[in-house]
There are 2 protein chains.
Amino acid sequence: MLVWDQLDQQAQQAILTRPAVSAGAGVQAAVEDIIDSVRQKGDQALLEMAKQFDNRQSDRLRVPEDEITQSEFQLSNELKSAIDQAYNNVRAFHELQLPVPKQLETQPGVVCELKYQAIDAVGIYVPGGSAPLPSSVLMQGVCAQLSGANTVVLATPVKGEESIHPAILYAAKKCGINIIIESGGAGVIAAMALGTESVPKVDKVFGPGNAYVTMAKQLLSQSVPGFAIDMPAGPSEVLVIADENANPAFAAADLLSQAEHGADSQVLLLSDSEAFITEVEAEIARQLAELSRAEIAKQAMNNSALVLVESIDKAFELSAEYGPEHLILQLRDAQSRVDLVKNAGSVFVGDYTPESAGDYASGTNHVLPTYGYSKTYSSLNLMDFFRTYTVQSITKQGLSDLSKAILPLAEAEGLDAHANAVAIRLNGGKQ
Amino acid sequence: MLVWDQLDQQAQQAILTRPAVSAGAGVQAAVEDIIDSVRQKGDQALLEMAKQFDNRQSDRLRVPEDEITQSEFQLSNELKSAIDQAYNNVRAFHELQLPVPKQLETQPGVVCELKYQAIDAVGIYVPGGSAPLPSSVLMQGVCAQLSGANTVVLATPVKGEESIHPAILYAAKKCGINIIIESGGAGVIAAMALGTESVPKVDKVFGPGNAYVTMAKQLLSQSVPGFAIDMPAGPSEVLVIADENANPAFAAADLLSQAEHGADSQVLLLSDSEAFITEVEAEIARQLAELSRAEIAKQAMNNSALVLVESIDKAFELSAEYGPEHLILQLRDAQSRVDLVKNAGSVFVGDYTPESAGDYASGTNHVLPTYGYSKTYSSLNLMDFFRTYTVQSITKQGLSDLSKAILPLAEAEGLDAHANAVAIRLNGGKQ
């Protein structure tokens, strides 16, 4: 346990500072090579990389549609229903977010509109690793489906002789995705940004990944005109604010559920009760022993901080400064304090709202800004799959009235031709 | 005049391809030095750079509030009214965009909310150069004002013995901005991202600038946790689609009003009428001669293309492929074709809707995605000054029902502690 008021400023700052995330010197050069290779050789480059990095012999890149259709028969009823239920909740909550065009006649004869257009072609990356991530498919796929994007490509790595887990395929099918690419890493990100024989070129790529994937997203978004990415990536984080009424077993479980994500996970507990923190420490030790990913969680817990603060108000202040990805409020008056929250990606209110509810099934999106970006970036939402643009239609009289604003401003800015484009219209074609 | 169908594929592609924009080898290293200098020396670094680059002797960085208050008395009534009128229209159109929180009980006992928070501190950069740009202040300042941001900083360079033009100060005053920094370039971008004695640290910086400003925005957004920028920058562009009913003098004026922005401006006209294009060419020659910025406009027109296409449908198809910043429709049936537009930042409909109306005063925002980013990026809108986040509150029974989705998914993903955070709550604190 750390006691905030007994720490010097440097130690306090250390708690709120994330470890520097650096891709490592070799990553950029390696990714640049991969991008060049995909640009030059297309599919062939992806197949060669699959051999080299994933020990894969197959020369198949795209999953046949009947494998997608048949996926549900390879799932237990329990898992299939779980995906159905999560899909329904996530879909319902994101349907709320469908944008509504707006129109205003700002002055007589001057009509301005705000309109929305789905991004035409999107790519969804689902990392591989130790387990399939159907929830990651749902969170991104539902948005793509609701937006009405014309092209949705899902890419995920496959190792050796394995095939994509049916839970991934079934989640994709629920979201209407029929282009599934068995390929991972920086290569397939480049393929989606540039297009290859098998991989359609997309306008925007979503989804987390390792340092190579992140670097590829960054480099391609800077070099391919019009190509965009979702948000900056960083290690996952939770901050729990709890008072003496909270259940220490629940708080410990929440801290550990974040810690098991990876050794670089950031885990913070702020409480005004010393007794509570002591109990949480004991609970962590007890629960940790039972976890299959105990080693990973233990490493993350080594970087965690359980901090005694003078008051819950102080905890809210520190949370706003830190800007956590996930913020859990286990407080007697949690509900009444929600509006005081600043800078959090997703907020979990009350004793029965663990982070895993939002990770999987409550309906909110689990793709959230980390690394302090919750101060400026939004949680993934339907608008990330749309773009906003404007339209204006002006009558001759409207333009005449508006010219009283345009002409002096154009003159002040020294832009004659801007003024002339108005004057010539009001003078019937004469300059 | 170019005839689309007579061009080979390479020549066609060349018309729709933007020139590569490269910052130049020295820019990144120079900007890294500037950022380091601001990090180490704060205000002092800005003052040294003002001396070195802008020949400025003053050691004042912040405009005193009474200069802002008094600015309106230094303006002509005409210019003051123009700013007032533009402000009112832009404000009215952006007020429409104020976000409304949403809430849904996705299943009994599971309440999800989508909420909005203004970005706390924002910076607005207004470039200097040959003329003051009060319109640039309005377009960004109105958004900051409507969002309710706690801190709004405006920065703009000042050369030698000059002071900031009263039109800039008055536009800032209308937008409630009282922190105005007399400093420009990469230095002040770094100051806003990092904070100095005189310049408050902000969370997000908006506004265009030269290659150094753009590079500073890019580097800082990648290295300062939580710091964000508005959108990728690029040369300004217009695409005009016109049929034989359009007025060639109007079309020529619109092309030139884009061309005078800078020698790198991109200017395109697509029409299905050869006679019309010929008339536009003559009009351009005639109008160009009268412009004060004729030299700049002439250079931009050298890179422009006036293209004869087989049909207006074809013109819409090419426009969607190009993705122009500004799209002007001078067509008999312009209004009925608006919904066919894809990938444009702002659309100007009909003979009496020149681009300069939107640049200054119709109400729409003039900060728009260029360089093909209109396929994926939004026109600047009020949401760029907000962030979206989610909140969930679940009852014990709600969590119990939801566990049927959470537990199988957590198991499939191999995340025990995620499952445990639910199970322990349903088992009254026992793992």
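Residues numbered from 1 in each chain as written. Chains lettered and ligands numbered in written order. Predicted model: local features only at pLDDT ≥ 70, side-chain atom pairs only at ≥ 80, totals over all residues. Heavy atoms only, no water.

**Examining the sheet that holds strand β11 (residues 305-308) of chain A**
Sheet strands pair via backbone hydrogen bonds, and the direction of the pair is either parallel or antiparallel. Taken together, nine strands build an open sheet; the order of strands is β1(A)-β11(A)-β10(A)-β9(A)-β12(A)-β13(A)-β14(B)-β3(B)-β2(B) and the sheet is mixed. Strands at the two margins of the open sheet, each flanked by one partner only, are β1 (2-3) of chain A together with β2 (102-107) of chain B. Summarising the sheet, β2 of chain B and strand β3 (residues 110-118) of chain B pair through five bridges and their orientation is antiparallel. In the sheet register, Glu 105 of chain B faces β3 of chain B, and the bridge partner there is Val 111 of chain B. In this fold helix α11 (residues 274-288) of chain A packs onto β9 (237-242), β10 (266-271) and β11 of chain A, with an angle of close to 165° to the strand it touches most, β11 of chain A. (Pairing = 2+ DSSP bridges. Helix = DSSP H or I, 4+ residues; strand = E, 2+ residues; numbered from the N terminus. Contact = heavy atoms within 4.5 Å. Axes fitted to C-alpha atoms, helices over the stretch in contact; angles between N-to-C directions.)

**With respect to the pattern of salt bridges**
Once the charged atoms of two side chains with opposite charge are near each other, the side chains can pair. Residues and elements named next belong to chain A. A full pass over the atoms with the stated rule returns 45 salt bridges over all chains. With a shortest N-O distance of 3.1 Å, Asp 84 and Lys 174 are connected by a salt bridge. On the criterion of sequence distance, the pair formed by Asp 84 in helix α5 (residues 77-95) and Lys 174 in helix α7 (residues 166-174) is long-range, its members being 90 residues apart. Of the residues examined, Lys 174 reaches a relative accessible area of 23% and is grouped as partly exposed. Three or more residues are tied together by salt bridges with common partners; here these are Glu 72, Lys 80, Asp 84, Lys 173 and Lys 174. (Salt bridge = Lys/Arg side-chain N within 4 Å of Asp/Glu carboxyl O. Buried < 20%, exposed > 50% of the residue type's maximum accessible area, 1.4 Å probe, protein only.)

**Observations regarding the domain arrangement of chain A**
All names here are of chain A. Considered domain by domain, chain A is made up of domain 1 (25-104 + 118-229), domain 2 (234-376) and domain 3 (395-426). At the junction of the two partners, domain 1 supplies eleven residues and domain 2 supplies eleven residues. Both faces combined, the contact of domain 1 with domain 2 buries some 810 Å², and carbon together with sulfur accounts for 57% of it. Applying the counting criterion to the domain 1 and domain 2 interface returns zero salt bridges. Those elements giving two or more residues to the side of domain 1 that touches domain 2 turn out to be α5 and α6 (134-147). Residues that form the side of domain 1 that touches domain 2 fall into these classes: five nonpolar, six polar and no charged. (Domains from an automatic or database assignment. Buried area = accessible area lost by both parts, 1.4 Å probe. Nonpolar A, V, L, I, M, F, W, Y, C, P; charged D, E, K, R; others polar.)

**Digging into the interface of chain A and chain B**
With 125 residues of chain A in contact, the opposing surface of chain B contributes 125 residues. Approximately 10,500 Å² of surface area, both sides summed, lies buried where chain A meets chain B, with 57% of it carried by carbon and sulfur atoms. On the chain A side of the interface with chain B, the three residues burying the most area are Tyr 352, Tyr 360 and Arg 425 of chain A, jointly 8% of the side's total. Inspection of the region where chain A meets chain B yields six salt bridges. The salt bridge partner of Arg 425 of chain B is Asp 254 of chain A, with a shortest N-O separation of 2.7 Å. Our enumeration of links across chain A and chain B arrives at 76 residue pairs in polar contact (both at pLDDT 80 or more). Per-element accounting of the side of chain A that touches chain B gives the leading share, eleven residues, to helix α16 (residues 396-412) of chain A. For the side of chain A that touches chain B, a count of residues per class yields 56 nonpolar, 45 polar and 24 charged. Here four bridges tie strand β13 (residues 346-349) of chain A to strand β14 (residues 386-394) of chain B, and the two strands are oriented parallel to one another. Across the sheet, the residue bridging to Phe 348 of chain A is Gln 392 of chain B, located in β14 of chain B. (Polar contact = N/O pair within 3.5 Å; in protein donor to acceptor, adjacent residues only side chain to side chain.)

**What about unusual backbone geometry?**
All names here are of chain A. Phi angles above zero are rare outside glycine, and Asn 55 is one such case at about 55°. Tracing the chain through its elements places Asn 55 in the loop between α3 (43-54) and α4 (65-70). A relative accessible area of 54% means that Asn 55 is categorised as exposed.

**Quick word on the relation of the copies chain A and chain B**
The transformation that overlays chain A on chain B combines an axial shift of 0.0 Å with a rotation of 180°, and the residual RMSD is 0.0 Å. Both chain copies can therefore be described as sitting about a two-fold axis. Relative to the rotation axis, the closest C-alpha in chain A is found at Met 383 of chain A, a distance of 4.9 Å. In this assembly the copies share their binding face: 100% of the residues contributing to the interface of chain A also contribute to that of chain B. (Least-squares fit on C-alpha atoms with pLDDT ≥ 70 in both.)

**Quick notes on the sheet that holds strand β8 (residues 228-229) of chain B**
Strand order in the open sheet formed by five strands is β6-β5-β4-β7-β8 (chain B), and the pairing between neighbours is parallel. Edge strands, defined here as strands with exactly one partner in the open sheet, are β6 (179-182) and β8 of chain B.

**Comments concerning the environment of Val 309 of chain B**
Assignment of secondary structure puts Val 309 of chain B in the loop between β11 (305-308) and α13 (312-322). Here Val 309 of chain B is in contact with Trp 4, Leu 270, Ser 271, Asp 272, Lys 314, Ala 315 and Leu 318 of chain B, once residues within four sequence places are set aside.

**Looking at the side chain of Glu 182 of chain B**
Residue and element names in this part refer to chain B. Topologically, Glu 182 is positioned in strand β6. Side-chain polar atoms of Glu 182 contact the side chain of Arg 56, separated by 3.4 Å. Setting aside residues up to four positions removed in sequence, Glu 182 forms contacts with Arg 56, Arg 60, Leu 61, Val 63, Thr 156, Val 158 and Ile 164.

**Regarding the packing of helix α5 (residues 77-95) of chain B against helix α6 (residues 134-147) of chain B**
Residues and elements named next belong to chain B. Here α5 crosses α6 at 40°, and the two axes come no closer than 10 Å. The angle between the axes of α5 and α6 places the two elements in the oblique class. Two packed elements cross with a definite hand, and for α5 against α6 that hand is right-handed. On α6, the residues touching Ile 83, Ala 86, Tyr 87, Val 90, Arg 91, His 94 and Glu 95 of α5 are Pro 134, Leu 138, Met 139, Val 142, Cys 143, Gln 145 and Leu 146. Of the residues belonging to the contact of α5 with α6, the class tally is ten nonpolar, two polar and two charged. (Parallel < 35°, antiparallel > 145°, perpendicular 65-115°, else oblique. Left-handed = near helix turned anticlockwise from the far one by under 90°.)

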